[in-house]
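# Fold and contact review
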Amino acid sequence: MKKALRNTLIIIGTTTLVLTGAFFGYCAVFYHADEYALSFLDSDDVIEITKNGGDYIFTPKAGTDKCFIFYPGGKVENKAYAPLCNMIAHSGIKTILVSVPLNLAFFKIDAAKQYINEDNCHYYLGGHSLGGVAASSYVSSNYSSISGLVLLGSYCTSNLSDKKFKTLSITATNDKVMNWENYKKYKSNLPNLSEISIEGGIHSYFGSYGDQKGDGEAEIDKEEQTKLVSSYITEFMMNS
């Protein structure tokens, strides 16, 4: 009995070590921000960019009462979304680009919590791909403090259909990474939904980190897709 128990514990321990090593090996390979993205991390005459741990805060020097908190896509370095956040901030919207452990937003679904307080700011949450799923999960438990939700190449698995805030969903026609079946399946979960499709856009171009494995062929420049997405988000927030 003792020998059998010892062997069982050895097997369990070995299996756990192998699985743990495999998981961290999986997480160690991720998409890095490219040089274009890194060029959007400097303050200028219009916005000030500061860091809070691994988070980046884009603060307009003449801002509005709107604040946008953004969750990065799965296995994507958060700095890859600096161009998008920078452009939104230049429209007068304070924008916070959160960081998440192992570049997986599900390990820090409440990343927005520390930035949401009881001042007069109207908070909007958003995210790309897995980051959008995580952001919507946070909203499902904190909807009273949220004015809107923005999903980029993503979907919401929580039923928020009876909530009062507005939702913007932006997709790309050549996106081959997002699960389109899930997108259609869960679309009814979103309240007051506005949908926009970027013609010729791809999943990878919601950020700036190179080409994601399995994605489609782009028929639009990365810079152009980023400008379009930032303008749509800005218009949505200003008018809701």
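Presented here is an overview of the structure given in this document. (Residues numbered from 1 in each chain as written. Predicted model: local features only at pLDDT ≥ 70, side-chain atom pairs only at ≥ 80, totals over all residues. Heavy atoms only, no water.)

At Leu102, a position not held by glycine, the phi torsion is positive, near 55°. Along the chain, the position of Leu102 falls in the loop between strand E4 (94–97) and strand E5 (122–128). By relative accessible area, which is 32% here, Leu102 ends up partly exposed. If you check the backbone angles, Asn192 has positive phi at about 45° while not being a glycine. (Helix = DSSP H or I, 4+ residues; strand = E, 2+ residues; numbered from the N terminus. Buried < 20%, exposed > 50% of the residue type's maximum accessible area, 1.4 Å probe, protein only.)

Glancing now at the environment of His32. Mapped onto the elements of the fold, His32 is located in the loop between helix H1 (2–28) and helix H2 (35–38). Between the alpha carbons of His32 and Ser208 there is a distance of 8.5 Å; along the sequence they are 176 residues apart. Filtering out sequence-adjacent residues up to four positions away, His32 remains in contact with Glu77, Ser208 and Tyr209. (Contact = heavy atoms within 4.5 Å.)

Now for the packing of helix H3 (residues 82–89) against helix H6 (residues 222–238). Here H3 crosses H6 at 45°, and the two axes come no closer than 9 Å. What the angle tells us is that H3 and H6 run oblique. The interaxial crossing formed by H3 with H6 has right-handed handedness. Where H3 abuts H6, its residues Pro83, Leu84, Met87 and Ile88 lie against Thr226, Lys227, Val229, Ser230, Ile233 and Thr234. In terms of residue class, the contact of H3 with H6 is made up of 6 nonpolar, 3 polar and 1 charged. (Axes fitted to C-alpha atoms, helices over the stretch in contact; angles between N-to-C directions. Parallel < 35°, antiparallel > 145°, perpendicular 65-115°, else oblique. Left-handed = near helix turned anticlockwise from the far one by under 90°. Nonpolar A, V, L, I, M, F, W, Y, C, P; charged D, E, K, R; others polar.)

A few words now on the nonpolar core. If you look at the biggest cluster of nonpolar residues, it comprises 35 residues, and the most contacted ones within it are Phe58, Phe68, Phe70, Leu152, Ile170, Val229 and Ile233. Among the elements that line this core, the one with the most residues is H3, at 6 residues. In terms of nonpolar packing, the next biggest core, distinct from the first, is built from 25 residues, Ile69, Ala134, Val139 and Leu149 among them. (Core = buried A, V, L, I, M, F, W, Y, C linked by side-chain atoms within 4.5 Å.)

On to the state of the cysteines. Chemically, a disulfide is nothing more than a covalent bond linking the sulfur atoms of two cysteines. Counting across every chain of the model gives 0 disulfides. Free of any disulfide, Cys67 has its nearest neighbouring cysteine sulfur in Cys121, separated by 4.5 Å. In this structure Cys67 comes out as buried when scored by relative accessible area, which is 2%. (Disulfide = S-S within 2.5 Å.)

With that out of the way, let us pick up the pattern of salt bridges. Tallied over the full model, the rule gives 4 salt bridges. For the salt bridge of Asp34 with Lys222, the shortest nitrogen-to-oxygen distance reads 2.6 Å. Highlighted residues: Asp34 in the loop between H1 and H2 and Lys222 in helix H6, separated in sequence by 188 residues. On the basis of relative accessibility, which here comes to 19%, the residue Asp34 falls in the buried class. Judged by its relative accessible area of 16%, Lys222 is buried. For the salt bridge of Glu77 with Lys79, the shortest nitrogen-to-oxygen distance reads 3.4 Å. Overall, Glu77 belongs to the buried group, its relative accessible area being 16%. (Salt bridge = Lys/Arg side-chain N within 4 Å of Asp/Glu carboxyl O.)

Turning our attention to the packing of aromatic side chains. Each aromatic ring pair is summarised here by two numbers: the centre-to-centre distance and the angle between the ring planes. Applying the stated criterion across every chain, the model contains 8 aromatic pairs. When the centroid spacing of 5.8 Å and the interplanar angle of 20° are considered together, the rings of Tyr155 and Tyr186 count as stacked. Here Tyr186 lies in helix H5 (residues 180–186) and Tyr155 lies in the loop between strand E6 (148–152) and strand E7 (166–172), a separation of 31 residues in the sequence. The exposure class of Tyr155 is buried, given its relative accessible area of 18%. (Phe/Tyr/Trp six-rings, centres within 6.5 Å; stacked < 30°, edge-to-face > 60°.)

Let us now look at the pairing of strand E2 (residues 55–60). Burial runs high along E2: 5 of the 6 residues are buried. Linkage of strand E1 (residues 47–52) to E2, two consecutive antiparallel strands, is achieved through a turn of 2 residues, within which Gly53 is found at a positive phi near 65°. As defined by bridge partners, E2 adjoins E4 across 3 bridges and the pair is classed as antiparallel. Of the residues in E4, the one forming a bridge with Ile57 is Ile96. (Pairing = 2+ DSSP bridges.)

Relative to the 18 Å expected for 13 residues at 1.5 Å per residue, helix H4 (residues 130–142) spans 19 Å between its end C-alpha atoms, a close match to the ideal helical length. Within H4, burial applies to Gly131, Gly132, Val133, Ala134, Ala135, Ser136, Tyr138 and Val139. Tucked inside the fold, the buried residues of H4 contact strand E3 (66–71), E5 and E6. (Expected span 1.5 Å × (residues − 1).)

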